[in-house]
Amino acid sequence: MSFTTCNILGVPINNVNLNEALNLVLLYLEENEKKMIFTPNPEFVINALEDKEFMEILNKSNLNIPDGIGIVIGAKILGYNMKERVPGYDLTQKIFSKIKNTNKTVYFLGASEETITLAKKMMEQKYKGLKIVGTHNGYFKDNEGNIIIDEINKVSPDLLLVGLGSPRQEKWIYNNKEKLNVKVMIGVGGSFDVMSGNVKRAPKIFIKLNLEWFYRLITQPTRFKRMLKLPLFIIKVLKYKIKGDKNERTIKK
Ligand code: UDP
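Below is a short write-up of the structure. Computed from a predicted model, the values in this text were never measured in an experiment.

### Here's the deal with the overall build of the chain
Working step 1: Scanning the chain for helices and strands turns up 13 helices and eight strands.
Working step 2: In terms of overall size, the chain behaves like a compact globule, its C-alpha atoms giving a radius of gyration of 18 Å where 253 residues would be expected to give roughly 18 Å.
Working step 3: Structurally, the chain occupies a C-alpha span of about 50 × 40 × 35 Å along its principal axes.
Working step 4: Counting across all 253 residues of the chain, residues that qualify as buried make up 48%.
Working step 5: Taking all contacts inside the chain whose residues are at least 6 apart in sequence as the whole, residues at least 24 apart take part in 76%.
Working step 6: Counting only carbon and sulfur atoms, one obtains 53% of the accessible surface of the chain, whose full area is about 12,500 Å².
Working step 7: The averaged location of the 26 negative side-chain charges in the chain is 5 Å from the averaged location of its 40 positive side-chain charges.

### Details of unusual backbone geometry
Working step 1: Looking along the chain, the bond that leaves Ser-166 and enters Pro-167 is cis, with omega of 5°.
Working step 2: Here Pro-167 lies in the loop between β7 (159-163) and α8 (168-176).
Working step 3: Of note, the phi angle at Asn-101 is positive, near 65°, even though the residue is not glycine.
Working step 4: Tracing the chain through its elements places Asn-101 in the loop between α5 (88-99) and β5 (105-110).
Working step 5: Owing to a relative accessible area of 58%, Asn-101 belongs among the exposed residues under this scheme.
Working step 6: Even without being glycine, Asn-210 reaches a positive phi, approximately 60°.

### A short note on the site of the ligand
Working step 1: In the vicinity of the ligand there are 14 residues, among which Ala-111, Gly-138, Arg-168, Gly-190 and Asp-193 approach most closely.
Working step 2: Here an oxygen atom of the ligand and a backbone polar atom of Gly-165 are 3.2 Å apart.
Working step 3: When the ligand is considered free in solution it has 550 Å² of accessible area, and contact with the protein chains removes 76% of it.
Working step 4: Tallied by class, the residues present in the shell around the ligand amount to three nonpolar, six polar and five charged.

### Some words on the sheet that holds strand β8 (residues 184-187)
Working step 1: Pairing within the open sheet is parallel, and its six strands lie in the order β4-β3-β8-β7-β5-β6. Of all strands in the sheet, those with a lone pairing partner are β4 (63-64) and β6 (131-136), marking the two edges.
Working step 2: Pairing of strand β3 (residues 35-38) with β4 involves two bridges; the strand directions are parallel. Its bridge partner lying in β4, Ile-37 is registered against Leu-63.
Working step 3: Taken strand by strand, α8 contacts β3, β5, β7 and β8, and its axis lies near 145° from that of β7.

### Quick word on α5
Working step 1: Along its 12 residues, α5 runs 17 Å from first to last C-alpha, staying within 8% of the 16 Å computed at 1.5 Å per residue.
Working step 2: The elements touched by buried residues of α5 are α1 (18-28), β5, α6 (113-126), β7, β8 and α9 (191-196).
Working step 3: Once α5 ends, the next one or two residues include Asn-101, with phi positive near 65°.

### Section: the packing of aromatic side chains
To describe a pair of aromatic rings, you give the distance between the ring centres and the angle between the ring planes.
Working step 1: Following the criterion strictly, the structure yields seven aromatic pairs and no others.
Working step 2: Look at Phe-44 and Phe-54: their rings are 5.7 Å apart centre to centre, the planes differ by 45°, and that puts the pair in the tilted class. One end of the pair, Phe-44, is in helix α2 (residues 42-50); the other, Phe-54, is in helix α3 (residues 52-60), with 10 residues separating them in the sequence. We note that Phe-44, like Phe-54, is buried.

The rules we used
Residues numbered from 1 in each chain as written. Predicted model: local features only at pLDDT ≥ 70, side-chain atom pairs only at ≥ 80, totals over all residues. Heavy atoms only, no water. Helix = DSSP H or I, 4+ residues; strand = E, 2+ residues; numbered from the N terminus. Rg over C-alpha atoms; globule rule 2.2 N^0.38 Å. Buried < 20%, exposed > 50% of the residue type's maximum accessible area, 1.4 Å probe, protein only. Contact = heavy atoms within 4.5 Å. Areas by Shrake-Rupley, 256 points an atom, 1.4 Å probe, with all protein chains shown as cover. Lys, Arg positive; Asp, Glu negative; His and termini not counted. Charge placed at Lys NZ, Arg CZ, Asp CG, Glu CD. Near = heavy atom within 4 Å. Polar contact = N/O pair within 3.5 Å; in protein donor to acceptor, adjacent residues only side chain to side chain. Nonpolar A, V, L, I, M, F, W, Y, C, P; charged D, E, K, R; others polar. Pairing = 2+ DSSP bridges. Axes fitted to C-alpha atoms, helices over the stretch in contact; angles between N-to-C directions. Expected span 1.5 Å × (residues − 1). Phe/Tyr/Trp six-rings, centres within 6.5 Å; stacked < 30°, edge-to-face > 60°.

All quantities given are derived from atomic positions and should not be read as evidence of function.
So, in structure tokens, the structure goes:
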């Protein structure tokens, strides 16, 4: 399976649609090599430009899906024709529907204890036959990391979903990759909040019009400051397009 990679200000984003991303994950689940999957949006790119370690980690993943319409727009400005936006949440749902009733297992790490317990219950109800073999909340101290890794390794899930917020989740995955006895690791941001039902996805019309970001802004106004990174991202992309930018890094894949 081959797909092109778009260089968005130094962050490699794979030009895949939802089904292609799903097929890659299913393929990765059959392989023995550990795989890291991230879901960059404009905020990731802005953060990575200021955080060298984060930028390097995003360059070392096996698959980066275009999560966020800002990425698709930025790619277009830079001359790439990105197929579509692929929200991380949608990818998790597609994976669940494919692996339910198989021997593949999944572990949820992240969010509050209440949310993660509810997310497990809701997903088991929605995808009958899905094997969620463990959960752990995302509010742990750095020195508790090894206990959690032991817990995960006891059940050695095929798929590990990590929702600790970005860039903590990407750094956690990268730094613990060697110790973890899992096949595929995905950074899923706030997906457990949606799975639990505590946070609602935008109504379909907003998604269709690529206005999901606007829905989140009006329903969660506390995200306003974070959302300012979206126009900043577009400005940086335009600046790069017009005169090139020193911040751009080469992609090593
Ligand atoms: N979170 C966590 N541990 C932390 C900080 C955050 O588990 O130390 C969780 C938080 O409960 C939420 C998710 O990480 O479920 C991050 O959500 P956010 O909305 O920031 O993610 P996004 O989807 O915007 O990437």
